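Observations on the model geometry
Listed below are the residues making up each chain.
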Amino acid sequence: MKIAVIGAGNIGGTLGRRWLEQGHSVTFGVRDTNSDKLTKLQHDLEHAVFTTPQDALTSAEVVVLAVPGKVVTQVVAGLARELEHKIIIDATNNLAEDVMEHVEVMQQHMPTAKLFRAFNSLGWETFGSPTISGQQVDHFYCGDERDEQQTVHQLIADIGLNPIYLGGLEHSPILDGLTRLWFTLAFQKGYGRRVALKVVAESTP
C-alpha cells in the first residue's frame, strides 16, 4: 500500500515507522524537508521518502493527516485538489475546541474523498507498542462503510492494534468522547499515557 503521512511528529512518525515494518510504502509530506527535527527520523527510517505535502500525495492510495488540530483547516484547504478521491485517515484532534473533529471542513473541501477518523483516542506511544500488560490494545475508528473501510481496518491491524469499527462519520462524537476519556485517565487520574480501553464481550459482530 502506498501511504502518504502528512506530518512527521510523534503520531505521524510512529505510524509511518510501523507501516514500513509491515512492508508498506510510506512517504512523509512535510513543510521543511531540511528541518533539524527530521534528522533523526530520516536516519531511522531509511526506506521512507520525505518530500513536500503536494509531492507526497501524487501517487498515494491512502493519506494520513497527522498535523496539529489548529492547522487542519489551512492544510486541507491548501491540499484539497490533491486529496480528492483518496482514502483519508484523519488522525487529528482540535483539543482547544468543544468539537475536536473537522469532518464538515474536510467534506466541504474534498467532497469525493473517502474520509475516516482513526488514531485519535490513544497516546502515540501505544501505536509504537500496541500491547499493554500482555493484552492487545483495542482501537476505535469510524468512516464510510464502503470497500475502503476494509483497507483502513487492515492498516490499523498492521499497526498491531485490534480495530473496532463504530460506523459512519456520524459516530465521530463518540470518538471525541473516548479521546476526552483517555486524557482524563492519562493525566487527571494518573494512569499515564500508556492507558487504553479493552472491549470484553460474550460475542462479536
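The coordinates are above.
Reference entry: report on the structure contained in this document. Residue numbers run consecutively from 1 along every chain, following the written order of its sequence. Per-residue local features of the predicted model are confined to residues with pLDDT of at least 70, and side-chain atom pairs are confined, for both listing and counting, to 80 or more; whole-chain, interface and lining totals are unaffected and use all residues. Just so you know, side-chain values use all the structure's heavy atoms and leave hydrogens and water out.

1. Some remarks on the side chain of Asp-138
Put simply, the rule is: Every helix listed is a DSSP run of H or I at least four residues long, and every strand listed is a run of E at least two residues long, numbered separately from the N terminus. Here a polar contact is recorded for every N or O atom pair within 3.5 Å, except that within protein the pair must consist of a potential hydrogen donor and a potential acceptor, and residues adjacent in sequence are included only if both atoms are side-chain atoms. Whether two residues touch is decided by their heavy atoms; if any such pair falls within 4.5 Å, the residues are in contact.
Residue placement: Asp-138 occurs in strand β9 (residues 138-143). Polar side-chain contacts of Asp-138 include one of 3.1 Å to the side chain of Lys-198. A polar contact of 2.7 Å, which involves the side chain of Asp-138, links it to the backbone nitrogen of Val-199. Not counting chain neighbours up to four residues away, the residues in contact with Asp-138 comprise Leu-122, Asn-162, Ile-164, Leu-197, Lys-198 and Val-199.

2. Quick look at the sheet that holds strand β1 (residues 2-6)
Selection criterion: Note on pairing: DSSP must find at least two bridges between two strands before they are called paired. To define axes, lines are fitted to C-alpha atoms, for helices over the stretch in contact only, and angles between the resulting N-to-C directions are given on a 0 to 180 degree scale.
Spatial strand order, β3-β2-β1-β4-β5-β6-β9-β10: eight strands in an open sheet with mixed pairing. The open sheet has two edge strands with one neighbour each: β3 (49-51) and β10 (162-165). Neighbouring strand axes in the sheet, compared pairwise and without regard to direction, differ in orientation by 25° on average. Strand direction decides the pairing type here: β1 and strand β4 (residues 62-65), joined by four bridges, are parallel. Counted as the bridge partner of Ile-3 is Val-62 from β4.

3. Structural notes on helix α4 (residues 72-83)
Note the following rule: A helix is expected to span 1.5 Å for every residue after the first. Exposed residues in this analysis have more than 50% of their type's maximum accessible area, buried residues have under 20%, and partly exposed residues fall in between, with area computed by a 1.4 Å probe over protein chains only. Starting at the helix axis, one direction is taken to each C-beta atom, and the arc is that of these directions.
If you check α4, its first and last C-alpha atoms are just 13 Å apart, much less than what twelve residues at 1.5 Å a residue would give, namely 16 Å. Along α4, the residues classified as buried are Val-72, Val-76, Leu-79, Ala-80 and Leu-83. Summarising the axial view, the buried residues of α4 lie within an arc of 170°, below the 170-degree limit, and thus occupy one face. The outward face of α4, more than 90 degrees from its buried face, is lined by the exposed residues Gln-74, Gly-78 and Arg-81. In this structure, the buried residues of α4 make contact with β1, α3 (53-56), β4, β5 (87-90) and α5 (103-109).

4. A short note on unusual backbone geometry
If you check the backbone angles, Phe-119 has positive phi at about 60° while not being a glycine. With respect to the helices, strands and loops of the structure, Phe-119 is situated in the loop between β6 (114-117) and α6 (124-128). With a phi angle near 50°, Ser-133 is a residue other than glycine that sits in the positive phi range. Checked against the element boundaries, Ser-133 lands in the loop between β7 (131-132) and β8 (135-136). Note on Ser-133: relative accessible area 73%, which makes it exposed.

5. A short note on the pairing of β10
Applied cut-off: Looking down the strands as they point away from the viewer, one classifies a crossover as right-handed if the path from the first strand across the helix to the second runs clockwise.
Note: β9 against β10, four bridges, orientation parallel. Each bridged residue has a counterpart across the sheet, and for Phe-140 the counterpart in β10 is Ile-164. Remark: the β9/helix α7 (residues 147-159)/β10 crossover connection has right-handed handedness.

6. Focus: the environment of Ile-6
Take Ile-6: it is sitting in strand β1. Judged by its relative accessible area of 3%, Ile-6 falls in the buried class. Placed 92 residues apart in sequence, Ile-6 and Asp-98 show a C-alpha to C-alpha distance of 24 Å. Apart from residues lying up to four places away in sequence, Ile-6 is in contact with Gly-29, Pro-53, Ala-56, Leu-57, Val-63, Val-64, Leu-65, Ala-66, Val-67, Val-75 and Leu-79.

7. Side note on α7
The periodicity of an α-helix, 3.6 residues per turn, causes residues three or four positions apart to be oriented the same way. Among the residues of α7, those classed as buried are Glu-148, Gln-149, Val-152, Leu-155, Ile-156, Asp-158 and Ile-159. Positive phi shows up at Gly-160, right after α7, with a value of about 110°.

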